[in-house]
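A closer look at the structure
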Amino acid sequence: LLGTIDRPGGFRHKAPFPRPIPPCAKTPKGPEGVQPNTPLDGMPFGWPAEPNDLFVDDKGTPVRIDKAFSWEFPLSAHGLMHNVITNAVNKDPYDIDTLLIFMANMAWNSSMNTNEVRDMLNEKNEDGSFKIPFLIVCDAFQSEMSAYADLLLPDTTYLERHDVMSMLDRPISEFDGPADSVRIPVVPPTGDCKPFQEVVIELGSRLGLPAFANEDGTRKYRDYPDFVVNHETVTGSGIGFLAGWRGKGGEKFMKGEPNPNQWEMYEKNNCVFQYELPKSYQYMRNWNQGYLEWAKRHSLTRYAEPINIHIYSEVLQKFRSAAQGRSDGKQPPDHLRARIATHFDPLPFYSEPLKSQLTDVRKYPLNAITQRPMAMYHSWDSQNAWLRQIHAHNYLHVNSKTARAANIEDGAWMWIESMHGKVRCMCRYSESVEPGTVWTWNAIGKASGTWGLSDKANESKKGFLLNHLISEELPAHKDGDHLSNSDPVTGQAGWYDVRVKIYPVGAGEAEITSPQFSPIPTAPGSKKFGSHWLKYFAGKRAK
Amino acid sequence: MKQLALVIDLNVCVGCHACVTSCKEWNTSGTAGSMSDFNPYEEDPTGTFFNRVQTFEIGTYPNTETVHFPKSCLHCEDPPCVPVCPTGASYKR
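The rules behind these values
- Think of each chain on its own: its residues are numbered from 1, step by step along the sequence as written.
- By the order in which they are written, chains take letters starting at A while ligands take numbers starting at 1.
- Local features in a predicted model are, by the rule used here, given only for residues with pLDDT of at least 70; side-chain atom pairs are given and counted only at 80 or more, and totals for whole chains, interfaces and linings are based on all residues.
- By convention in this description, side-chain values take in all heavy atoms of the structure and omit both hydrogens and water.
- For two strands to pair, DSSP has to find at least two bridges joining them.
- Working definition: helices are DSSP H or I runs of at least four residues, strands are E runs of at least two. Numbering for both runs from the N terminus.
- Between N-to-C directions, angles cover 0 to 180 degrees, with each direction set by a line fitted to C-alpha atoms, over the stretch in contact for helices.
- Whether a residue is buried, partly exposed or exposed follows from its accessible area with a 1.4 Å probe, protein chains only, as a fraction of its type maximum: under 20%, in between, or over 50%, in that order.
- For this document, the term salt bridge refers to a Lys or Arg side-chain nitrogen within 4 Å of an Asp or Glu carboxyl oxygen.

In this section: the sheet that holds strand β1 (residues 98-102) of chain A. Residue and element names in this part refer to chain A. With respect to topology, three strands assemble into an open sheet ordered β1-β2-β3, the strand pairing being parallel. Every other strand in the sheet has two partners, leaving β1 and β3 (151-154) as the edge strands with one partner each. For this sheet, the mean inter-axis angle between neighbouring strands, taken without regard to orientation, is 15 degrees.

Pasting the structure below:
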């Protein structure tokens, strides 16, 4: 509307964007796309452009365990990981025999309804077998999730492994042209740790998946670094993970045959490759013919067609037409027709979050939200000795007027309660939050005894999670009894939709966050802790 | 050599503490010896930092703002707190 897309001073693109709207990648379109001993007939994630692209069976039932790309969440391009455990335990749409989790703390801050999800991980069928019989966790730390693993694959940190921030995924590009980057290990892995990438390559190779096997069935890639250098999107395409120093001698960029010395060339260039586009290709890239043809030649896009931004979305309208029975092709189940017809409005509109609509907002008047602390983009490794001195526990930030009206002092212990649960925490007065909203840092709170911290660590005694107040399913209502607490169009988790009330603690209550969990026993081989000094001396070993 | 102070634009600083940890990483490895931590994985961890970001609020709602105020020592000729700043708030000529 403002005419500022990819203009000087406006919102500028970074390669591989702009991409067609919607992007081309598609998932399989039905259960026939998932066959034993056969690669998936499509991408695991994609962008449905119309109802016929949905990943559902002929009754309209989801094929994926998280129900992504189904009529419940048609455009869920990121999947609905927050519902996998609940769905598997409810056998909805089916049960599973193995769950493999990589670097996701589903027994803690990555799940909504954390208390009950922890119970689900241990839940048994009537015959005594576990509802999730085999749980594999790959992580570099003793997280809350690691404690539930049947098989723990010890991962490495970023300092101990090769990585690519690839043009095929989410590179570090700049406004003036494509850029990508790598990580190169600076220390060897400890003990039996193995980078998860190597585990995946190993699995693919041993299963003989086509991408990992030569025509005669022998193993194609030695390891992850070999895979990164030699993998091409299509054999002979000259397009691989990294855009820099391609060609036999590293003389080509963006496109060229694999270069056996590509890692060394990245290393010499500070692990970064940057390509500067000609000035005439740097702006208006949605409609810049020269740029689009260049992008197509270098496989950043599949079509050299203008990329128009939708104000009126024909994609959304196609789903609405199906819900209204005005189109042929795949049809939604009847109980979801009204929901789809409402939310797939082709024009933007405001609606109260589904969760709020189903909450008694006179009883729970406040909105509660979280954000990640700037100093810890991920909770992963936030327990390290320096970062935990920046944030070792969190407060609930409440507008001072709202807190005084609830008789809660600055710094005092208090309760925050939703229709699903309650949490005891400490209050911090704030002038920079509006009176109808309270907020806290996400994932500072940790379960006692996890992450290599002492049982008495501030993270478990003063830190808390808001997740206990948020359910992963909406209350049963006219559209369904077990719908995920997620956006009906994109499946985006409804983390910010919870409504709460606050009140002071009673006289004599313990000054410790609630809920508390019994400490996780120390894993075999772990170091014991006591009060002590931690210090590093450069060159100490060299002497 | 003449040392000029650092310029830090408080309108641009977002309080990420990258300068804090980068400073500690370089200086703890230096000839001046280690910057130690007490109770590193226990209750109430504490330690030595040459740079800390103090965050505070000004004013009364709705006329309010949050200020992130990096308190760097300004001693380094080539300060490791500057190049890690993701927003370009820190500057040294």
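Looking now at unusual backbone geometry. Residue Phe17(A) is joined to Pro18(A) through a cis peptide bond whose omega torsion reads 5 degrees. Note the cis peptide between Tyr61(B) and Pro62(B), where omega equals 5 degrees. By secondary structure assignment, the location of Pro62(B) is in the loop between β4 (52-60) and β5 (63-71). The phi dihedral of Lys67(A) falls on the positive side, at around 65 degrees, and the residue is not glycine. Here Lys67(A) lies in the segment before α1 (84-89). What makes Lys67(A) buried here is its relative accessible area of 5%. Phi at Lys91(A) takes a positive value of approximately 50 degrees, unusual for a residue other than glycine.

The next subject is the pattern of salt bridges. Side-chain pairs of opposite charge can arise whenever the charged atoms involved come near each other. Residues and elements named next belong to chain A. Under the defined criterion, the tally for this structure stands at 23 salt bridges over all chains. Salt-bridge contacts for Arg161 lead to Asp163; the nearest nitrogen and oxygen are separated by 3.1 Å. Overall, the relative accessible area of 4% leaves Arg161 in the buried class. Judged by its relative accessible area of 8%, Asp163 is buried. A salt bridge links Asp479 to Lys478, with the shortest nitrogen-to-oxygen separation between them at 3.5 Å. Looking at Asp479, the relative accessible area reads 9%, which means it is buried. Taken together, the shared-partner salt bridges in this structure form one network comprising Asp155, Arg161, Asp163 and Arg183.

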